[in-house]
Amino acid sequence: MNGIILKLLAQRVALALLSLLAVSVIVFAVTAVLPGDAAQEQLGQDATPEALAALRAQMGLDVPAPERYLRWLGGLLRGDFGKSATAYQPVAELIGSRLPNSLLLAAITALFAVPIALAAGIASAVWRGSWFDRVASTASVGIVSVPEFLIATLAVLVFAVQLRWLPALSYVNDIESLGQLLKAFAMPVLTLTCVIVAQMMRMTRAAVIDQLEAPYVEMVRLKGASALRLVICHALPNAVGPIANAVALSLSYLLGGVIIVETIFNYPGVAKLMVDGVAQRDTPLVQACAMLFCSGYLILVTTADICGIVANPRLRHR
Amino acid sequence: MSHRDPLEALVGPQESQRLFGALQRGASRRDILGMLVGAGMQAGLAGTLAGTALTAHAETPRRGGKLRVAGATASASDTLDPAKQSNQADYSRCNMLYNGLTSLDGSLTPQPALAERFDTKDAKTWVFTLRKGVAFHDGKALTPADVVYSLMRHKDPATASKAKVQADQIESVKATGPNEVTIVLTAPNADLPVLLGTFHFHIVKDGTTDFNAGIGTGPYKLKEFKPGVRSVVVRNEAYWKSGKPYLDEVEFVGIADENARVNALLSGGMDLVGVINPRSLARVTGTPGFAIFKTPSGQYSDLVMRRDTGPGANPDFVLAMKQLFNREQMKKTIALDQAVIGNDQPIDPTNRFHFAGLPQRAFDPEKAKFHLKKAGISGTVPVVCSPAALYSVEMALMLQQTAKEVGLDIDVKRMPADGYWSNHWLNSAVGFGNVNPRPSADMLLTQFFKSDAQWNESRWKSDKFDQLLLAARGEPDLAKRRQMYADMQTMIHQEAGIGIPLFLSSLDGHSTKVKGLSPIPLGGLMGYNFAENVWLAA
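Residues numbered from 1 in each chain as written. Chains lettered and ligands numbered in written order. Predicted model: local features only at pLDDT ≥ 70, side-chain atom pairs only at ≥ 80, totals over all residues. Heavy atoms only, no water.

(A) Spotlight on the overall build of chain B. Across its full length, chain B holds 20 helices and 20 strands. Residues classed as buried in chain B amount to 56% of the 538 residues present. About 21100 Å² of surface is accessible on chain B, with carbon and sulfur atoms providing 53% of the total. (Helix = DSSP H or I, 4+ residues; strand = E, 2+ residues; numbered from the N terminus. Buried < 20%, exposed > 50% of the residue type's maximum accessible area, 1.4 Å probe, protein only. Areas by Shrake-Rupley, 256 points an atom, 1.4 Å probe, with all protein chains shown as cover.)

See below:
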């Protein structure tokens, strides 16, 4: 088993590096094509030609684009992510100060959303066709159709402004107790859960239903296993592949796609940093964030594939 | 303090002191009433006096408390270096930590701050006498060397100061006495004290290159600074303005989304927030315990008609467009009454040089039609606007409607805010621009209306205007200056290709516990100098 897993890992890592390289080229090219550059954006209305030239020289923007890209790549290989063009700080520091926040939010959301989605999906599969199944499916599709900024804004209006149960902003600084943590994160987590739960639930349902129709499950039922044992010990391990993939896709969204939640709750995360970086044409920052999200996605997908293989003995001992 | 004097006059200073002592210990109106009647006063008079005492107490600044403020920007480029300040958060933060030689009051007149007095004979050589007994946060006393260093560093290209252009007119700054500094300019400028009261010219310690400790002479000391996240400052107990500041601590954060800012205020998460959209005004005033603080200022969005190319080259077209502005309706529907009507000249009523005698140009479609016919404009006129210039899109659409009624076809071209200033603003034949408040009329006119100014939006050139501008800058006599600025405003009103329908007020929201705010037209949040002046009521 180890041999197969290791071979898979090696293959995946090689492919991942290639993908990262391709992504970096594309992101750089697209950012370069956007009108304006970091110097122009920073000076805004104050952009006289002399000021622009001076600032461009200072920022290193007076070199042609391919050369800038190669310089950045060289720096990356040495472990230097470069300096942000707008903040007077190394990019690594900037991202480093915000990444733990993003990971915390993603982790807490995953902690709530994944069990809910899995439980609902399995229950819907087991009781397929019943009213529970129909209600759960309709509800999840309905919830995912509502735009997240609407959910977030309504939640803030109701719980923060009217009822004053929860704070309107999610500060990460002054959290001392678990209760405070839960209060501060309640609404962002609620909003994000609404977004990702539907896909995971429906995929779980489909995968488990698929397994439940298989002949071996009928055999297990004839042997007299309880419904719970049937699902958890027999059907589920075979359904792990697609479920893990759906979970990985949803979780990768949590890392880089939560810009709206970060804006509404003023949460200092990496997604907002990247969006601000694009607006400021801060190329080193944008590149670094793109690499980060890409790596996160690749790690999650690879983990999902490994889970699928490990859970399936047939694939393990090929 | 206005209610204290009649109270003292009525019951005598001793009794008045006793009453205020009781109030500070938490007496209510009933208790005061009891005290007065117990001392033998008739009940009716006692009732009135109790009310007066309470109002006087409420107006008295109360020491203590922590203020949580949210500004409109949060950027990783937040800085503690006065020379690099570039946004509202920086201005607010640096005003908490540093002082300038002068400070600007509600009419943008320079008042003594770190400089006790400033004298000049010819507006070219200035002598500033520094205040004695001022110390930085680390205990070092303020000396002329600190002033020399702080001002001269703006001229050094290595500092990359945002105020380099203004600082270039300073030729030399020298210490000429134990508490005296002499500044010599390259050309006479009567507004030097105004310039030195602006944010960038804060005084720092001689030789500072690392500003991360935020050592200044200001009302607060730096406790915590995370760029793009928040700053926390605590009271400077040894501040040279005795009695101030009133607050123990101020926490300043930036919330970029306006809705999130208003929600933070109304849910009790913040005490004071800046830059509220007029559309949120009803929400804030409708919630008990919250109020709006309005600052009329010189910010405007203007219609630029280039005089050197396009339809603006014809003066009749320019006049017609100015007459097509339905200013009252724009004020009511676009700015929701949070604006002041403009008269196609850039000096607003809060400025001491505003020429009130200039006849207000009225909305006159008939005259506009006449001038348009005279100008012989045919076909569509493209007008460029963008959300980057506040309200310009709404103004352009309103103009389009009005123009249709007089037979002029306007094509509104809405450009994205991204890159508007670099790509469209000065390049369009007819478009919109936006000007933020400037501390002095001279600065604004020099930057935007001088014939060879880089930002002369309408390319209007007039030698007479340039001469007046230069003469007014160096004129020490206030009455003569006023007359010159009045003439310049009339010239712009009549000849320049700039239409200014409104001066926009800025709005801030605050809890009613926050007291002491008074408008300073440099910007919202009391010209960003709120921290020194506000207090929290009980």
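What follows picks up the thread again.
(B) Here's a closer look at unusual backbone geometry. In this structure, Pro-245 of chain B follows Lys-244 of chain B across a cis peptide bond, with omega equal to -10 degrees. Along the chain, Pro-245 of chain B falls in the loop between strand 9 (230–235) and strand 10 (249–254).

(C) Up close: the interface of chain A and chain B. Contacts between the two partners involve 32 residues from chain A, matched on the other side by 34 residues from chain B. Counting every contact that joins chain A to chain B gives two residue pairs in polar contact (both at pLDDT 80 or more). When residues of the side of chain A that touches chain B are traced back to their parent elements, those giving at least two are helix 2 (38–43), helix 3 (49–59), helix 5 (91–126), helix 7 (148–162), helix 11 (259–264) and helix 12 (270–279) of chain A. Top contributing element to the side of chain A that touches chain B by residue count: helix 7 of chain A, with four residues. Among the residues making up the side of chain A that touches chain B, the classes are represented as 14 nonpolar, ten polar and eight charged. (Contact = heavy atoms within 4.5 Å. Polar contact = N/O pair within 3.5 Å; in protein donor to acceptor, adjacent residues only side chain to side chain. Nonpolar A, V, L, I, M, F, W, Y, C, P; charged D, E, K, R; others polar.)

(D) Looking closely at the pattern of salt bridges. Applying the stated criterion to the full structure yields 34 salt bridges over all chains. With a closest N to O distance of 2.5 Å, Arg-12 of chain A and Asp-305 of chain A form a salt bridge. Taken together, the positions of Arg-12 of chain A in helix 1 (residues 2–33) and Asp-305 of chain A in helix 13 (residues 283–311) put the pair 293 residues apart, joining distant regions of the chain. Taken together, the shared-partner salt bridges connect Lys-66, Lys-223, Glu-224, Lys-226, Arg-230, Glu-249 and Glu-251 of chain B into one network. (Salt bridge = Lys/Arg side-chain N within 4 Å of Asp/Glu carboxyl O.)

(E) Region of the structure containing the nonpolar core. Counting 65 residues, the largest nonpolar core has Leu-303, Phe-317, Met-321, Leu-408, Leu-445, Phe-449 and Phe-465 of chain B as its most contacted members. In terms of residue count, helix 14 (residues 392–405) of chain B provides more of this core than any other element does, six residues in total. For Leu-445 of chain B, the residues in contact, after removing those within four places along its chain, are Pro-346, Ile-347, Lys-450, Phe-465, Leu-469, Tyr-485, Met-488 and Ile-492 of chain B. The next biggest cluster of nonpolar side chains, apart from the first, holds 47 residues, and it includes Leu-105, Ala-117, Ala-152 and Ile-264 of chain A. (Core = buried A, V, L, I, M, F, W, Y, C linked by side-chain atoms within 4.5 Å.)

Just distances and angles here, no functional claims.
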